[in-house]
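# Overview (structure and organization)
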Amino acid sequence: MEVFISDIPDEGLHLEGEFPVTIFDLPPGDSIQPMGPVRYSADIYAFEEVVVLNGSLRSPFRLQCGTCLEFFDFDADFPDWTSEVDLEPGQRTIDLKEIIREDFLLGLPPNPRCDDRDDGHICPKAHFVTFAEDEDEEEPLEAGGPDIWGALDEFGKKPN
Ligand SMILES: [Zn+2]
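For every chain, the first residue of the written sequence is number 1, and numbering continues from 1 along that sequence. Totals for whole chains, interfaces and linings use every residue, but because this is a predicted model, local features are given only for residues with pLDDT of at least 70 and side-chain atom pairs only at 80 or more, for both listing and counting. As a rule here, side-chain values come from all non-hydrogen atoms in the structure, and water together with hydrogens is ignored.

## Thoughts on the overall build of the chain
In this description a helix means any DSSP run of H or I spanning at least four residues, a strand means any run of E spanning at least two, and both kinds are numbered starting from the N terminus. Looking only at helices and strands, the chain has two helices and seven strands in total. Sequence-ordered secondary structure for the chain, helices as α and strands as β, is β-β-β-β-β-β-β-α-α. Looking at the 160 residues of the chain, the share that counts as buried comes to 28%. By the convention used here, residues are in contact when the closest approach between their heavy atoms is within 4.5 Å. If you take every contact in the chain between residues at least 6 apart in sequence, the share linking residues at least 24 apart comes to 60%. Exposure is judged per residue with a 1.4 Å probe applied to protein chains only, and the accessible area is read against the type maximum: over 50% gives exposed, under 20% gives buried, and values in between give partly exposed.

## Observations regarding the environment of isoleucine 23
With respect to the helices and strands, isoleucine 23 occurs in the loop between strand 2 (13–19) and strand 3 (32–34). Owing to a relative accessible area of 10%, isoleucine 23 belongs among the buried residues under this scheme. Taking C-alpha positions, isoleucine 23 is 9.6 Å from proline 37, a pair spaced 14 residues apart along the chain. With sequence-adjacent residues up to four places away left out, isoleucine 23 is seen in contact with Val38, Lys97 and Arg101.

## Focus on the coordination of the zinc ion
Note on donors: an N, O or S atom is included if it sits within 2.8 Å of the metal, or within 3.2 Å for Na, K and Ca, and water is never included, so sites can look incomplete. Taken together, the protein donors to the zinc ion comprise Cys65 (SG), Cys68 (SG), Cys114 (SG) and Cys123 (SG), at separations of 2.3 Å. Irregular is the default label, applied whenever a site is not tetrahedral (four donors, all angles between 85 and 135 degrees) and neither square planar nor octahedral (four or six donors, opposite donors over 155 degrees apart, all other angles between 65 and 115). Around the zinc ion sit four donor atoms; with metal-centred angles ranging over 105 to 113 degrees, the donor geometry is tetrahedral. Spacing between the donor residues of the zinc ion along the chain follows C-x2-C-x45-C-x8-C. Linking cysteine 65 in the loop between strand 5 (50–64) and strand 6 (71–86) with cysteine 123 in the loop between helix 1 (96–107) and helix 2 (148–157), this pair joins segments that are 58 residues apart in sequence. Classification of cysteine 65 by relative accessible area gives buried; the value is 0%. Since its relative accessible area comes to 3%, cysteine 123 is described here as buried.

## Focus: the pattern of salt bridges
By salt bridge we mean one thing: a side-chain nitrogen of Lys or Arg within 4 Å of a carboxyl oxygen of Asp or Glu. As enumerated under the stated definition, the model contains five salt bridges in all. When the shortest N-O distance is used, the salt bridge between aspartate 75 and arginine 58 registers 2.5 Å. With aspartate 75 in strand 6 and arginine 58 in strand 5, this residue pair connects regions lying 17 residues apart in the sequence. For arginine 58, a relative accessible area of 34% translates into the label partly exposed. Across the salt bridge formed by aspartate 77 and arginine 58, the nearest N and O atoms sit 3.9 Å from each other. Of this pair, aspartate 77 sits in strand 6 while arginine 58 is found in strand 5, placing the two residues 19 residues apart along the sequence.

So, in structure tokens, the structure goes:
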């Protein structure tokens, strides 16, 4: 979406709306899966050599956990978004869509983990990457772990 710099008044230009998820145009199988739509609200100010954008961005994604490789829902919410675009000599327009696309991709967590959320989810592979200092703590719940002795007792009672 091209915005003509000459259309930006001194007091700024307010634009808000949605872009379709297709603006991301990422290859299938990418570790970032945009789920769209892409909501934006922007106040745009033009200066001599730079265009400044202030506002908010929000869009749902699915990101791949760097530990267990499962995809999980991630709501990318940038309530204090700001961006600066350096202008080339003679540049007459900026591409709002492209600016927003890049700022989302730069703003997403570089090493997402599926338990970086507040819902109590625990990464199923988290114990593979915990460090030795955790060894003194309680054993994680293993299926049937403490009952193995009980099972052996039962075995011993069998008449054979
Ligand atoms: Zn995970």
